[in-house]
Amino acid sequence: MDHHVETTSVDAGFIEDKTSGGMAAPIYLATTFERDADGSYPLGFEYSRDANPNRTQLERAMAQLEGGESAAAFASGSAVAMTLFQALKPGDHVVAPTDAYFGIRQMLDKVFVPWGLSVTYADTSAPDLVEAALKDNTAMIFVETPSNPKLQVTDIRLMASLARRNNALLVCDNTVATPVLQQPFHHGADIVIHSTTKYIGGHHDSMGGVAICRQNDDYWNRVRFPQKICGAIPSPFNAWLTLWGVSSLVYRMRAHSANGLAVARFLERHNRIEKVLYPGLESHAGFDTAANQMSSFGGLMSVLVRGDAGSAMSVAARVELFRRATSFGGAHSLIEHRASVEGPNSTTPPNLLRLAVGLENPQDLIADLEQALA
Ligand SMILES: *Cc1c(COP(=O)(O)O)cnc(C)c1O
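Residues numbered from 1 in each chain as written. Predicted model: local features only at pLDDT ≥ 70, side-chain atom pairs only at ≥ 80, totals over all residues. Heavy atoms only, no water.

Q: Would you take a moment to explain the overall build of the protein for this structure?
A: Secondary structure summary: the protein contains 14 helices and 12 strands in total. For the protein, whose C-alpha radius of gyration is 21 Å, the value lies close to the compact-globule estimate of 21 Å for 374 residues. Dimensions of the protein, computed from the C-alpha atoms along their principal axes, are close to 75 × 55 × 40 Å. Summarising the internal contacts of the protein: among those between residues at least 6 apart in sequence, 70% fall at separations of at least 24. Here the protein displays about 16100 Å² of accessible surface, and carbon together with sulfur accounts for 53% of that area. With 30 positive and 39 negative side-chain charges, the protein shows a spacing of 4 Å between the two charge centroids. (Helix = DSSP H or I, 4+ residues; strand = E, 2+ residues; numbered from the N terminus. Rg over C-alpha atoms; globule rule 2.2 N^0.38 Å. Contact = heavy atoms within 4.5 Å. Areas by Shrake-Rupley, 256 points an atom, 1.4 Å probe, with all protein chains shown as cover. Lys, Arg positive; Asp, Glu negative; His and termini not counted. Charge placed at Lys NZ, Arg CZ, Asp CG, Glu CD.)

Printed below as a string of structure tokens:
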């Protein structure tokens, strides 16, 4: 039976505990599972690197939430990206966003270019620039929307038509939006990925990543195979924690979105702020596209503080309720000076602060920013 998304997210992760009737799923620590006298594996599990009940349940839940055919869970979002690039062939060309998660750019430049991929970076919010970057051997267009940290919005449907025309795959990093706010398969993406370390897990306590495919094809087999054979898998406990997060995901995303919009509107009016980068503001260049493909806009935003790196750092130094830490997606609000985290190769503006708006009362968050900006 087809349920509403709130019901799916509560129920998809539940594993019935046949021993006790417990209402929290058991964690299956077993690395090895028993065979029958005829040599078969009656419950389908053999060795925990190949499949584990907690991981299998997480994969089912994520495939269901995104509306894909199959999912594969990994030890981190980065391990997912690594596996997707490895499933291409040396000699293939990839178009990747100029504004993407910093680690993915480093992975391409320092691991996969030496391995044999060629990469062109393009501003994926400008479809003509992506079109100009395509080559005969382009095998993948990789997009992240909204992007991290500049919150650029990419039109998934336009990217999908460019990818189709070029016989390339469209991969969409949906970490910032989550399937609650945006479902890239509905707009033509072939593969959706998440760092579940962020909103999906939702509590700053477990690393993980998931790739989901629209259809189970040859390329997907090349993603599945190294998951089992190379083994960059999440532990049963991390799969369990991530699923625990999934059960409250819909309501958390609604609160992150409401708080995010309130904080963004406050910051937009503040005279020490030069610009707020948040796709839910009408002033954002990607607002129309975002409003078309997202149901609301989440809790992640960046601001350009009037002045230089020092001005931005001094705001971050004065917050009391926001915590100075990297990452996003948990209950606590976080603030971060991105350029100094990314290091000397960063292309992030020096006066940019990234804010991950959490689940506190938005009036308290606004009061904290007000005193830090005073
Ligand atoms: C954090 C993040 C990643 C990397 O995920 P890890 O779990 O930290 O390895 C990839 N993409 C985006 C958009 C992210 O925010």
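From this point on, the discussion continues.
Q: Help me understand the site of the ligand, please; the structure alone is not making it clear to me.
A: Near the ligand there are 15 residues, and of these Ser78, Asp173, Ser195, Thr197 and Lys198 occur at the shortest range. Here Thr197 contributes a side-chain N or O atom positioned 2.8 Å from an oxygen atom of the ligand. Lys198 places a side-chain nitrogen or oxygen 2.7 Å from an oxygen atom of the ligand. Surface burial for the ligand is 94%, taken as the share of its 380 Å² of free accessible area covered by protein chains. Taken together, the residues that form the shell around the ligand break down as four nonpolar, eight polar and three charged. (Near = heavy atom within 4 Å. Polar contact = N/O pair within 3.5 Å; in protein donor to acceptor, adjacent residues only side chain to side chain. Nonpolar A, V, L, I, M, F, W, Y, C, P; charged D, E, K, R; others polar.)

Q: Whenever I open this one, the packing of helix 10 (residues 249-268) against helix 14 (residues 362-373) confuses me. Can you help?
A: Angle between the axes and distance between the axes: these two values describe a pair of packed helices. Close contact between helix 10 and helix 14 brings their axes to 9 Å; oriented N to C, the two are set at 30°. When the interaxial angle is binned, helix 10 and helix 14 end up roughly parallel. By crossing handedness, the relation of helix 10 to helix 14 is classed as right-handed. Listed contacts from helix 14 to Asn259, Ala262, Val263, Phe266 and Leu267 of helix 10 are Pro362, Leu365, Ile366, Leu369, Glu370 and Leu373. Of the residues in the contact of helix 10 with helix 14, the class split is nine nonpolar, one polar and one charged. (Axes fitted to C-alpha atoms, helices over the stretch in contact; angles between N-to-C directions. Parallel < 35°, antiparallel > 145°, perpendicular 65-115°, else oblique. Left-handed = near helix turned anticlockwise from the far one by under 90°.)

Q: Got a minute to help me understand the sheet that holds strand 4 (residues 138-144) in this structure?
A: Strand pairing within a sheet occurs via backbone hydrogen bonds; the two strands may be parallel or antiparallel. Strands sit in the order 1-7-6-5-4-2-3 across an open sheet of seven strands; the sheet is mixed. The two strands at the open ends of the sheet, each matched to only one other strand, are strand 1 (70-74) and strand 3 (118-122). Here the average twist between neighbouring strands, direction ignored, is 20°. For strand 2 (residues 93-97) and strand 3, the ladder comprises five bridges, and the chain directions are parallel. Residue Ala96 lies in a different strand from strand 3, and its bridge partner there is Tyr121. Packed onto the sheet, helix 4 (residues 102-115) meets strand 2, strand 3, strand 4 and strand 5 (169-173) and runs at close to 155° relative to strand 3. (Pairing = 2+ DSSP bridges.)

Q: Help me understand the sheet that holds strand 11 (residues 334-337) in this model?
A: Spatial strand order, 8-9-12-11-10: five strands in an open sheet with mixed pairing. Looking along the sheet, the strands with just one partner apiece sit at the ends: strand 8 (273-277) and strand 10 (323-324). The sheet contact formed by strand 8 and strand 9 (residues 300-305) spans four bridges and is antiparallel. Among the inter-strand pairings, Ile273 is bridged to a residue of strand 9, identified as Val305.

Q: In this structure, what is going on with helix 14? I would like to understand it.
A: Along an α-helix, a turn takes 3.6 residues, which lines up residues three or four apart on a common side. Here helix 14 contains 12 residues, and its C-alpha end-to-end distance of 16 Å stays within 8% of the 16 Å for a straight helix at 1.5 Å per residue. All of the buried residues along helix 14 are Pro362, Leu365, Ile366, Asp368, Leu369, Ala372 and Leu373. What you see down the axis of helix 14 is that its buried residues fit within an arc of 160°, all on one side. Contacts from the buried residues of helix 14 go to helix 10, strand 8, helix 12 (309-318) and strand 12 (352-356). If you check the start of helix 14, you find a side-chain oxygen 2.8 Å away from the backbone N of Gln363, and it comes from Asn361. (Expected span 1.5 Å × (residues − 1). Buried < 20%, exposed > 50% of the residue type's maximum accessible area, 1.4 Å probe, protein only. Arc of directions from axis to C-beta.)

Q: Can you help me understand the pattern of salt bridges in this one?
A: Side-chain pairs of opposite charge can arise where the charged atoms are in close proximity. Under the criterion given, the structure shown has nine salt bridges. A salt bridge links Glu6 to Arg254; the nearest nitrogen and oxygen atoms lie 2.8 Å apart. Highlighted residues: Glu6 in helix 1 (residues 5-11) and Arg254 in helix 10, separated in sequence by 248 residues. Residue Glu6 is classed as partly exposed on the basis of its relative accessible area of 22%. According to the relative accessible area criterion, Arg254 is partly exposed, its value standing at 41%. In this structure, Glu342 engages Arg338 in a salt bridge whose closest nitrogen and oxygen atoms are separated by 3.0 Å. In this pair, Glu342 and Arg338 both sit in helix 13 (residues 338-342), four residues apart, roughly one turn of the helix. (Salt bridge = Lys/Arg side-chain N within 4 Å of Asp/Glu carboxyl O.)

Q: What is the right way to look at unusual backbone geometry in this model?
A: If a residue is not glycine, its phi is most likely negative; likewise, a peptide bond is most likely trans. That bond from Thr145 to Pro146 is cis: its omega, -10°, falls within 30 degrees of zero. Within the secondary structure, Pro146 is located in the loop between strand 4 and helix 6 (156-165). A cis amide bond, omega 15°, links Asn148 with the succeeding residue Pro149. The phi angle at His204 is positive, at roughly 55°, despite the residue not being glycine. As for its position among the elements, His204 is in the loop between strand 6 (191-195) and strand 7 (209-213). Despite not being glycine, Ser327 shows a phi value in the positive range, around 80°. Along the chain, the position of Ser327 falls in the loop between strand 10 and strand 11.

That's the geometry; what it means functionally is another story.
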